[in-house]
Amino acid sequence: MIQRATFIHRGFRLSYLDSAPGDLSRPVILLLHGFPDTAEMWSVMIDRLHREGFRCIAPDTLGCGQSAMAPRVGDYAAVRVASDHAALLDHLGIRRAHVVGHDWGAVLAWFLAGHFPERVMSMLVMGVGHPTAYGRAGWAQKVRGWYTVYFQLGGLAEWLLRGNGRFSLRRVFGSHPEMEAVMQRLAAPGRMTAALRLYRAGLVPILLRRQPRVVAPTLGIWSEQDAFLVEAQMQESGAWVDAPWRYIRLGGGHWVPLDQPDRLQQLILEHVASAEPATAAA
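Quick caveat, the model's predicted, so the values are computed rather than measured.

Caption draft 1: Quick look at the packing of aromatic side chains. Evaluation of the coordinates by the stated rule reveals 19 aromatic pairs. Measuring from ring centre to ring centre gives 5.7 Å for W146 and Y150, while their planes differ by 20 degrees; the resulting arrangement is stacked. With W146 and Y150 both in helix α6 (residues 146-150), this residue pair falls four residues apart, about one helical turn. Residue class for W146 comes out partly exposed when judged on its relative accessible area of 38%. Given a relative accessible area of 8%, Y150 falls into the buried group. What links up through ring pairs into an aromatic cluster is the set F35, W104, W146, Y147, Y150, F151, F167, F173, Y199, F228 and W255.

Right under this line is the structure:
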C-alpha cells in the first residue's frame, strides 16, 4: 500500500509517496513528475513496480502537490530542487536509486545525476534531454517551447492560464489526459504561481549555462507526437553521457506515464536490469 509522508529540507515541508517505508532491502526507483503534474501521476506505475520487487518513491516537487510553496523564485532553481531529492534519499537512508523522470521531472533527473552523481544508479528520462542539449537544440525547439517564455510573465500568465481562451492551460496543454483535475488542483491559492516558478527559475540556467555531464547508464525516450519537444534535443543528449546510452522513439504523445503505462513499465524494467552490470562494474 502506497503511503504518503513528509520531511523537511531547506526549511520547507516536502511530501512524497513511498511504496515500502523502512524497507532497505529492495532496490529503489525514484520517480520524478513534471508540469503540471504531481507525485500522484505515478500511482499506477508505483503499484506495478512494487509488485516487481522495487521500492518506489515519488516526491511532490517544491510548490507542487502537497509540498510547501516557497516564497522566492530562486528557491525553485533546478539544482536546489534536485538537492531536495538527494536530501529525501538521505532522509530515508538510501544511498543510490534508479531515477525516472518525465517532462520537468526529466530536467530534475539530469540535474540530480549531474550534480549528485553518487546518488544515481541509472536514469530513464522522457521528453526532455540533457539541459545543454535542449538549450542548443535550435530554432525548432524554441518554437515548440514558446510557452516557457510565456510562463515568465508573472501575474499575466497566471490570469490567462486559468481562463478558457487561446492562452489558457486547457489550450496550451490540452493534450493532457487529466486536464480538469489539473485545473482544479492549480486553482488553489498560490499553486499556479508555485508550479510556474520552476520555469521562471530554470529558463536561464537551462538555455545559457552548461550543465554537468552524466555518468549513470541512461535511457532517453522521445515520443513522435510530442507537441512540446523536438527529437534532436533527446537524440543528441548521448553526447553528454559518459556511460552506456540508449535512445528510443515511441509512438504517441507527450504524456507517456499516463498514456502508455504498459510500455513504460517494460522499458523501466529492461533498463534497470541492463544497467545493473554497468553500475556494479563502476
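Caption draft 2: Focus on the pattern of salt bridges. Following the criterion strictly, the structure yields 13 salt bridges and no others. Between R26 and D23 there is a salt bridge, with the nearest N and O atoms lying 3.3 Å from each other. What makes R26 partly exposed here is its relative accessible area of 23%. The salt bridge involving E180 is made with R170; its shortest N-O contact spans 3.2 Å. With E180 in helix α9 (residues 179-186) and R170 in helix α8 (residues 169-172), the pair connects residues that are ten residues apart, well separated along the chain.

Caption draft 3: Representation of the side chain of R119 in the model. Considering the arrangement of structural elements, one finds R119 in the loop between α3 (104-115) and β6 (120-126). A polar side-chain atom of R119 sits 2.8 Å from the main-chain carbonyl oxygen of I94. Here the side chain of R119 touches R95 through a polar contact of 2.8 Å, landing on its backbone oxygen. Discounting residues that sit within four places of it in the chain, R119 has contacts with A86, L89, D90, I94, R95, R96 and A97.

Caption draft 4: Representation of α3 in the model. Its twelve residues place the ends of α3 16 Å apart at the C-alpha level, agreeing with the 16 Å of an ideal helix rising 1.5 Å per residue. Within α3, eleven of the twelve residues are buried, leaving the element largely enclosed by the surrounding structure. Where α3 is concerned, the buried positions are W104, G105, A106, V107, L108, A109, W110, F111, L112, A113 and G114.

Caption draft 5: Spotlight on the packing of helix α2 (residues 78-92) against α3. Between α2 and α3, the least distance of the axes is 9 Å, while the angle of their chain directions is 75 degrees. Taken together, the axes of α2 and α3 lie roughly perpendicular to each other. Within the contact between the two elements, α2 uses A78, V79, V81, A82, H85 and A86 and α3 uses W104, L108, F111, L112 and H115. For the contact of α2 with α3, the class distribution of residues is nine nonpolar, two polar and no charged.

Caption draft 6: Here's a closer look at the pairing of strand β3 (residues 28-32). Along β3, five of the five residues are buried, which leaves the element largely enclosed by surrounding structure. Of the two faces of β3, the one carrying V28, L30 and L32 and the one carrying I29 and L31 are both buried. As judged from the three bridges shared by β3 and strand β4 (residues 55-59), these two strands associate in the parallel manner. When the sheet's bridge partners are listed, L30 is paired in β4 with I57. Handedness of the β-α-β unit built from β3, helix α1 (residues 43-51) and β4 comes out right-handed. One ladder, built from four bridges, connects β3 with strand β5 (residues 97-102); its direction is parallel. Across the sheet, L30 pairs through a bridge with V99, a residue of β5.

About the criteria used
Residues numbered from 1 in each chain as written. Predicted model: local features only at pLDDT ≥ 70, side-chain atom pairs only at ≥ 80, totals over all residues. Heavy atoms only, no water. Phe/Tyr/Trp six-rings, centres within 6.5 Å; stacked < 30°, edge-to-face > 60°. Helix = DSSP H or I, 4+ residues; strand = E, 2+ residues; numbered from the N terminus. Buried < 20%, exposed > 50% of the residue type's maximum accessible area, 1.4 Å probe, protein only. Salt bridge = Lys/Arg side-chain N within 4 Å of Asp/Glu carboxyl O. Polar contact = N/O pair within 3.5 Å; in protein donor to acceptor, adjacent residues only side chain to side chain. Contact = heavy atoms within 4.5 Å. Expected span 1.5 Å × (residues − 1). Axes fitted to C-alpha atoms, helices over the stretch in contact; angles between N-to-C directions. Parallel < 35°, antiparallel > 145°, perpendicular 65-115°, else oblique. Nonpolar A, V, L, I, M, F, W, Y, C, P; charged D, E, K, R; others polar. Pairing = 2+ DSSP bridges. Right-handed = clockwise from strand over helix to strand, strands pointing away.

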